[in-house]
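Observations on chain architecture
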Amino acid sequence: MSASRFVVQLHDATTLHFDLRLRFGEVLRSWAVPRGPSLDPAVRRLAVPVEDHTLEAGEFEGVHEGQARGSGAVIIWDEGPADILRDEPGHLSFVLHGRKLTGGFGLTRTGPRRWILVKTRDDAAQPGSDIVAGHPASVRTGRTWQDLAGRHA
Ligand code: MN
């Protein structure tokens, strides 16, 4: 097991999506999760791998200028310590210690640009819950992405 950090940003780009980032050394391995994480172990969420990001990118909350589509608004939807339990070529398992996301999760590669994010069945699991709908705001500032997009418009 190795100690790490995670951040989940909510990003209004071409489509609204979540960016899950896990720290490995000096980079953030990253996946775009269109529908966001879930605490319900029965829910499987598509996670599309994207390029590694800098540690600095994981600190960003604001509006990216000059996006072709979408407002460019980004909020830090959740963040905190993470423990990496397994790191294999097509599979990662980790425990998150965030404000919204806690307990174990698995990321498993199912295709060339397709991974699946699933909550582990553990004490932190909340079957039937919808953490994305229930807790939309930034854990740093309490703002929603719409607050940022609207302020910018
Ligand atoms: Mn993004």
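Residues numbered from 1 in each chain as written. Predicted model: local features only at pLDDT ≥ 70, side-chain atom pairs only at ≥ 80, totals over all residues. Heavy atoms only, no water.

A few points about the overall build of the protein chain
- Across its full length, the protein chain holds two helices and nine strands.
- For a compact globule of 153 residues, the expected C-alpha radius of gyration is about 15 Å, and the protein chain comes in at 15 Å, within 12% of that figure.
- Taken along the three principal axes of its C-alpha coordinates, the protein chain extends 45 × 30 × 25 Å.
- Taking all contacts inside the protein chain whose residues are at least 6 apart in sequence as the whole, residues at least 24 apart take part in 55%.
- Counting only carbon and sulfur atoms, one obtains 52% of the accessible surface of the protein chain, whose full area is about 7,800 Å².
- Both charge centroids of the protein chain, one from 19 positive and one from 19 negative side chains, sit 5 Å from each other. (Helix = DSSP H or I, 4+ residues; strand = E, 2+ residues; numbered from the N terminus. Rg over C-alpha atoms; globule rule 2.2 N^0.38 Å. Contact = heavy atoms within 4.5 Å. Areas by Shrake-Rupley, 256 points an atom, 1.4 Å probe, with all protein chains shown as cover. Lys, Arg positive; Asp, Glu negative; His and termini not counted. Charge placed at Lys NZ, Arg CZ, Asp CG, Glu CD.)

Description of the side chain of Gln9
- Mapping Gln9 onto the fold places it in strand 1 (residues 2–12).
- In terms of polar contacts, Gln9 uses its side chain to reach the backbone carbonyl oxygen of Ala57, at 3.0 Å.
- Here the side chain of Gln9 touches Phe60 through a polar contact of 3.0 Å, landing on its backbone oxygen.
- Excluding anything up to four places from it in sequence, Gln9 contacts His17, Phe18, Asp19, Arg21, Ala57, Gly58, Glu59, Phe60, Val74, Ile75, Ile76 and Trp77. (Polar contact = N/O pair within 3.5 Å; in protein donor to acceptor, adjacent residues only side chain to side chain.)

Regarding the coordination of the manganese ion
- Protein-derived coordination of the manganese ion comes from His11 (ND1), His17 (NE2) and Asp19 (OD), at a distance range of 2.2 to 2.3 Å.
- Read from N- to C-terminus, the donor residues coordinating the manganese ion fall into the pattern H-x5-H-x1-D.
- By relative accessible area, His17 is classed as buried at 12%. (Donors = N, O, S within 2.8 Å, 3.2 Å for Na, K, Ca; no water. Buried < 20%, exposed > 50% of the residue type's maximum accessible area, 1.4 Å probe, protein only.)

What to know about the environment of Leu101
- Following the sequence through the fold, Leu101 ends up in the loop between strand 7 (91–97) and strand 8 (102–111).
- Apart from residues lying up to four places away in sequence, Leu101 is in contact with Phe6, Val8, Pro37, Leu39, Trp77, Asp78, Leu96 and Ile131.

Regarding the pattern of salt bridges
- If you walk through the whole model with that rule in mind, you get eight salt bridges.
- Close ionic contact of Arg29 with Asp87 constitutes a salt bridge, the shortest N to O distance being 3.4 Å. One end of the pair, Arg29, is in strand 3 (residues 27–33); the other, Asp87, is in strand 6 (residues 73–88), with 58 residues separating them in the sequence.
- Look at Arg29 and you get partly exposed, because its relative accessible area is 21%.
- With a relative accessible area of 46%, Asp87 lands in the partly exposed category. (Salt bridge = Lys/Arg side-chain N within 4 Å of Asp/Glu carboxyl O.)

Honestly, it's all geometry; don't read function into it.
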